[in-house]
Amino acid sequence: VKMQLVHPLGGGAYAVSYKGQKYIDNIEGGFKPNILIFGHWHQSLYFQRRNIHVLYAGCFEDQSSWLMRMGLQPNIGGWICEINIAEDGSVNRFKVENIKFY
């Protein structure tokens, strides 16, 4: 299984998933990870695109002046993931649970 952790530049987008979708659309076919995790945007989100399981990692930092300037409202919390890997190395089960802290 190929997992990639990305810490991209820039602030939030008009739709939470937009920047992740654009990133994935630019990955060449032979270089796609099975699982892609984004940090930096302080958002929590799970979706699939181009057969990639995508997580926005969330954060453990409350709202700050810097986040406000970047246009980000943090989703405080993290993920628990259960992953089953097939014999060919593909992910055939990906179960996620988002644990939020308020």
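Residues numbered from 1 in each chain as written. Predicted model: local features only at pLDDT ≥ 70, side-chain atom pairs only at ≥ 80, totals over all residues. Heavy atoms only, no water.

Caption draft 1: Quick look at the side chain of Ser44. Counting through the fold element by element, Ser44 comes out in strand E3 (residues 44-49). Classification of Ser44 by relative accessible area gives buried; the value is 15%. Sequence-distant contacts of Ser44, defined by excluding residues within four places in its chain, comprise Tyr56, Gly58, Asn75, Trp79, Asn98 and Lys100. (Helix = DSSP H or I, 4+ residues; strand = E, 2+ residues; numbered from the N terminus. Buried < 20%, exposed > 50% of the residue type's maximum accessible area, 1.4 Å probe, protein only. Contact = heavy atoms within 4.5 Å.)

Caption draft 2: Here's a closer look at the environment of Gly78. Examined against the element boundaries, Gly78 turns out to sit in strand E5 (residues 77-85). Placed 21 residues apart in sequence, Gly78 and Ile99 show a C-alpha to C-alpha distance of 5.4 Å. Not counting the four nearest positions on each side in its chain, Gly78 is found in contact with Ala57, Phe60, Glu97, Asn98 and Ile99.

Caption draft 3: Seen up close, the pairing of strand E6 (residues 91-100). Sheet analysis places E5 next to E6, joined by nine bridges and oriented antiparallel. Note on E6: the bridge partner recorded for Glu82 is Lys95. Hairpin connection from E5 to E6: five residues lie between these consecutive antiparallel strands, with Gly89 at a positive phi of about 90°. (Pairing = 2+ DSSP bridges.)

Caption draft 4: Inspection of the nonpolar core at higher detail. In this structure, Val6, Ile24, Ile27, Leu36, Phe38, Trp41, Phe47, Ile52, Val54 and Tyr56 together form the largest nonpolar core, which totals ten residues. For this core, the elements supplying multiple residues, two or more each, are strand E2 (35-38) and strand E4 (52-57). Here this core takes three residues from E4, the largest share from any one element. Of all hydrophobic cores here, the second largest spans five residues; its members include Ile35, Ile37, Leu55 and Phe94. (Core = buried A, V, L, I, M, F, W, Y, C linked by side-chain atoms within 4.5 Å.)

Caption draft 5: Quick peek at the packing of aromatic side chains. A complete count under the given rule lists seven aromatic pairs for this structure. On the numbers, 5.5 Å between centres and 75° between planes, the contact of Phe38 with Tyr56 is edge-to-face. Taken together, the residues Phe38 in strand E2 and Tyr56 in strand E4 connect sequence positions 18 residues apart. Assigned by exposure class, Phe38 and Tyr56 land together as buried. Aromatic rings pair up to connect Tyr23, Phe38, Trp41, Phe47 and Tyr56 into one cluster. (Phe/Tyr/Trp six-rings, centres within 6.5 Å; stacked < 30°, edge-to-face > 60°.)

Honestly, it's all geometry; don't read function into it.
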